[in-house]
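A look at the structure
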Amino acid sequence: MAEPRICSIDGKLTEEFAIPSHVEEVKEKMAAFARFHAEAGRRVVLITSGGTKVPLESRTVRFLDNFSSGRRGAASAEYFIDSGYAVIFLHRHHSLYPYTRMFVTINMLDALQFMGGGEGAAGNGAEVVVNQQVLPNIAKVLKRYQEVKDGGLLLPIEFNTLSEYLHLLKAAAQALNSIGSKAMFYLAAAVSDFYIPTSEMPEHKIQSSNGPLQLSMKMVPKILSPLVKDWAPQAFVTSFKLETDASILLDKARGALDTYRHQAVVANVLDSRRGYVVVVTPETQAELILSKEDVKKEVEIEERIVSNLTSEHSKFMTQAASAK
Ligand code: PAZ
């Protein structure tokens, strides 16, 4: 019975999830970015990153959220760029961002030193210097960030709600379709499986005076299906599967590959996700593990994931070219 659900997703998206007003403009930007980099011989990866917010009221006071920090997506963006890709970074507003992710726990004012001078009591134009002990590696990271910016290699696109995520991902998939197998999707965002349709949502703040709250939520449409089949059928698609029960993880990952017929699933468990993942493809299963030595050297698992997937993508592109 999977097929009818798949066919109705476009309609469902339009009817039940508010379309962001800027979606067409963003789609055009993404399409131009993809064309430009593909013509320059680069591959393009669309990374989704961070959690989604599911509102309970239309004038939203309360919402459901999840644990995702966006670290996986932000770190992976850097490694993809280092591997020669251009990156569209579709991320949750205020989740971790490539390059700045390393400094988010630092109070900026502790990292700066006022050296005096400037005009008036406010000290406008005064000399302010960076304390590099508070911001370790800042010079190296800043240099790389500026190279990436000057090279136009990173296109950041923000989402906040589930509706924005769904419509922007659809727009991204359609925008990247023109570059065929040079496109990769790396769907690392933790997207809610449940939502309340706009038509069933109270307008105003839910009143606690009405007693305990019971929620009835609908299933979010499985957008991976039209992405793989209809919107970007030639692209290399990687989804992510997170579980808390390790014993069901690999079956779930294989089940996803069987259902959606895409190229790879990165399977991970909540508590061990920073040091252990399994990359599952229809033919292979690669365990990626950080050793104690790796952790000491501050190696990140995302470097291994990206290295594994870029070589799978190369094989995929070769096969696509020979099938022509
Ligand atoms: O964002 P983060 O670095 O805290 O976590 C990454 C992750 C666990 C959200 C990602 O690896 C993942 O599995 N995303 C898909 C989650 C899901 O099954 O919906």
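Residues numbered from 1 in each chain as written. Predicted model: local features only at pLDDT ≥ 70, side-chain atom pairs only at ≥ 80, totals over all residues. Heavy atoms only, no water.

**What to know about the sheet that holds strand 13 (residues 276–280)**
Strand pairing in a sheet is mediated by backbone hydrogen bonds. Such pairs are either parallel or antiparallel. Judged by pairing direction, the sheet is mixed, and its eight strands sit side by side in the order 7-4-1-8-11-12-13-14 without closing on themselves. Across the chains shown, the open sheet's two edge strands, defined by having one partner strand only, are strand 7 (154–159) and strand 14 (285–289). Between one strand axis and the next, the sheet turns through 15° on average, direction left out of account. Summarising the sheet, strand 4 (residues 86–92) and strand 7 pair through six bridges and their orientation is parallel. If you follow Ile88 over to strand 7, its bridge partner there is Leu155. (Pairing = 2+ DSSP bridges. Helix = DSSP H or I, 4+ residues; strand = E, 2+ residues; numbered from the N terminus. Axes fitted to C-alpha atoms, helices over the stretch in contact; angles between N-to-C directions.)

**Side note on the side chain of Arg101**
Here Arg101 shows up in the loop between strand 4 and helix 5 (108–111). Among the polar contacts listed, one links the side chain of Arg101 to the side chain of Glu300, at a separation of 2.8 Å. (Polar contact = N/O pair within 3.5 Å; in protein donor to acceptor, adjacent residues only side chain to side chain.)

**Notes on unusual backbone geometry**
For His94, which is not glycine, the phi torsion reads 75° and is therefore positive. Structurally, the position occupied by His94 is in the loop between strand 4 and helix 5. Residue classification places His94 among the exposed positions, given a relative accessible area of 73%. We note that Asn137 has phi near 70°; this positive angle belongs to a residue other than glycine. One can find Asn137 in the loop between strand 6 (128–130) and helix 6 (138–150). (Buried < 20%, exposed > 50% of the residue type's maximum accessible area, 1.4 Å probe, protein only.)

**A look at the site of the ligand**
What surrounds the ligand is a group of 15 residues, the closest being Ser68, Ser69, Gly70, Arg72 and Asn268. The side chain of Ser69 places a nitrogen or oxygen atom 2.9 Å from an oxygen atom of the ligand. Between the ligand and Ala188, the relevant distance is 3.0 Å, taken from a nitrogen atom to a main-chain nitrogen or oxygen of the residue. Surface burial for the ligand is 91%, taken as the share of its 470 Å² of free accessible area covered by protein chains. Elements that contribute at least two residues to the shell around the ligand include exactly helix 4 (71–82) and strand 11 (236–243). Looking at which element gives the most residues to the shell around the ligand, the answer is strand 11, with three residues. Class assignment for the residues of the shell around the ligand results in six nonpolar, four polar and five charged. (Near = heavy atom within 4 Å. Areas by Shrake-Rupley, 256 points an atom, 1.4 Å probe, with all protein chains shown as cover. Nonpolar A, V, L, I, M, F, W, Y, C, P; charged D, E, K, R; others polar.)

**Here we look at the packing of aromatic side chains**
According to the stated counting rule, one finds eight aromatic pairs in the structure shown. Ring centres of Tyr186 and Phe240 lie 4.9 Å apart, and the angle between their planes is 75°; this geometry places the pair in the edge-to-face category. With Tyr186 in strand 8 (residues 183–187) and Phe240 in strand 11, this residue pair connects regions lying 54 residues apart in the sequence. Comparing Tyr186 with Phe240 shows no difference in burial state: the two are buried. Between the aromatic rings of Phe236 and Phe316, the centroid separation amounts to 5.3 Å while the plane-to-plane angle is 80°, which identifies the pairing as edge-to-face. (Phe/Tyr/Trp six-rings, centres within 6.5 Å; stacked < 30°, edge-to-face > 60°.)

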